[in-house]
Amino acid sequence: MCIVNGRSGMPDDMGNFTCMTHNGESLIDLVLTKYSNFAYLRNFQVHEYTEFSNHTPVSFVLHIATSYVRETTRTKVQYRWNETFRNDFRTDISLTIPELNTVLGNDDVSVDKKVDYFSSIVTDNAEKYFKKCVKCSMPSFVDKDTERKKWFNTDCIDKQRKYQASLAKYLNNRNSSNLNELHTSTRDYKICVKRSKYIYNRERCRKMYDMRRLRPRDFWRMFKTRPTCFNDSVSSEDLFEHFKSLSKQNIEDNDDFSDYLKIFDGISTGNNSCTFEELDVPITYEEVNKACKNLKRSKSPGLDNIINEYFIEASDILTWPVTMLFNSILDSGKFPRSWSQGVIVPVLKKQPSDNSGNYRGVTLTSCFAKLFTTVINERLKTWSIQNDKITDAQIGFRSGHGTTDAIFVLQTLIDYYLNSGKRVYCAFVDYQKAFDSISRSAV
């Protein structure tokens, strides 16, 4: 083990002081390293005092071999709503409604062709207004000085100048009077900085609270971490084979599973009758209009490049054609093939990053398909509540319910049994890669 303190090795060279307190200066900050690493150290320096600490910064250069990191820049296509072209988009869409209604009302046209035609009409009219080509490059780091300027006001600048002047005065003449003056200016400067940061952070928290309620997407984007460099240790072929293996279903040896799929598809007996007729009634204009109003903005589109803003801003124009299309899908009993496709975005869940099994796939599906499933889901929720099909213990996937409800119930049970002098046993089950182990065909 080697102790590095900046001494040149000469007998009279004791190095520079690294700490200053009310008792004076001392040399207590050292760098410890292995003897084998000592040869790689270059340019060890003890810097001057700063306002941030009583200890001086210590720096050195470590001379090692570095690997080359490939920087990449690529261009991707995005669809972003622009309020400037709202009226132009609405005008273009309204001109295509008569022809669109004709196709949707034709019973000889298949559901897949109706969906494809509807999607092409919307995207062709929207592409010239909202299609953007964005260059994606290496992520940039936050400029510390720029971030500091947000709270570093004129009072802080004044206190900083007084501190720097007293520091220079002490370094020029190291006596007790100058040392006391330095301690006073340091204390005043730190108090001013602390107060300014507190006021700034308090105001920032207030703005973040409002942003969380009004603009949740922008709120969560502030906390997203991005990789510091491009990692090509996992190839796209490895990720493709990984997600492909998750979709494989070995159902040849599972008779129960095969029978379930046949019954579900209505091909086992040829009887495709409805069990609950109230769930199979035609979709109404009001149901679609309500679903459009509840759509969220700034959501990523699927392969059809349709974003929610198209339905939100032109709901009075598109709601009736959408209702016609949804009823055609409901009557056919077949989910459109194009809506069953999506873009899988791999998200690293844990290290190491070179293992494709450590990535979870997030699938970007069609916003148009989500609008249809929203209508069906809302109908199922209303029916299940009216017929008392959901237990009070069901908290997940229910609006108005959350983890705080489960925590409250658990805390109440714990308090009850502990106050009664009894023991409480809790079992928490966390399935590893639960979503990767479910049956895709059954879903």
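Structure: above.
Residues numbered from 1 in each chain as written. Predicted model: local features only at pLDDT ≥ 70, side-chain atom pairs only at ≥ 80, totals over all residues. Heavy atoms only, no water.

Now for the packing of aromatic side chains. In total, this model carries 20 aromatic pairs according to the counting rule given. Between F85 and Y129 the ring centres are 5.5 Å apart and the planes differ by 25°, which places this aromatic pair in the stacked class. Of this pair, F85 sits in the loop between β7 (74–79) and α1 (86–104) while Y129 sits in helix α2 (residues 111–130), and the two are 44 residues apart along the sequence. Here Y129 falls in the buried class, since its relative accessible area comes to 13%. Judged by centre distance (6.0 Å) and plane angle (40°), the ring pair of W339 and F372 falls under tilted. Here F372 lies in helix α12 (residues 367–386) and W339 lies in the loop between α11 (315–332) and β9 (343–348), a separation of 33 residues in the sequence. Here the aromatic cluster, defined as three or more aromatic residues joined through ring pairs, consists of F118, F311, F326, F335, W339, F368 and F372. Across the ring face of W151, the terminal group of K197 is positioned such that the distance to the ring centre comes to 5.4 Å. (Phe/Tyr/Trp six-rings, centres within 6.5 Å; stacked < 30°, edge-to-face > 60°. Helix = DSSP H or I, 4+ residues; strand = E, 2+ residues; numbered from the N terminus. Buried < 20%, exposed > 50% of the residue type's maximum accessible area, 1.4 Å probe, protein only. Lys NZ or Arg CZ within 6 Å of the ring centre and 35° of its normal.)

Right, let's talk about a nonpolar patch on the surface for a bit. Taken together, the side chains of F408, V409, L413, Y416, Y417, L418 and V424 present a nonpolar region at the surface, about 690 Å² in accessible area. As for its placement among the helices and strands, L413 is situated in helix α13 (residues 403–419). Note on L413: relative accessible area 43%, which makes it partly exposed. (Patch = residues over 30% accessible without salt bridge, like charges linked within 9 Å, V, L, I, M, F, W, Y side chains within 5 Å. Areas by Shrake-Rupley, 256 points an atom, 1.4 Å probe, with all protein chains shown as cover. Salt bridge = Lys/Arg side-chain N within 4 Å of Asp/Glu carboxyl O.)

Following the criterion strictly, the structure yields 12 salt bridges and no others. For D92, the salt bridge identified is with K128, shortest N-O distance 3.3 Å. Placement of the pair is D92 in helix α1 and K128 in helix α2, with a sequence separation of 36 residues. According to the relative accessible area criterion, D92 is buried, its value standing at 16%. You can call K128 exposed: its relative accessible area is 56%. For R206, the salt bridge goes to E203, with nearest N and O atoms at 2.4 Å. With R206 and E203 both in helix α5 (residues 176–214) and 3 residues apart, this pair spans about one turn of that helix. Since its relative accessible area comes to 43%, R206 is described here as partly exposed.

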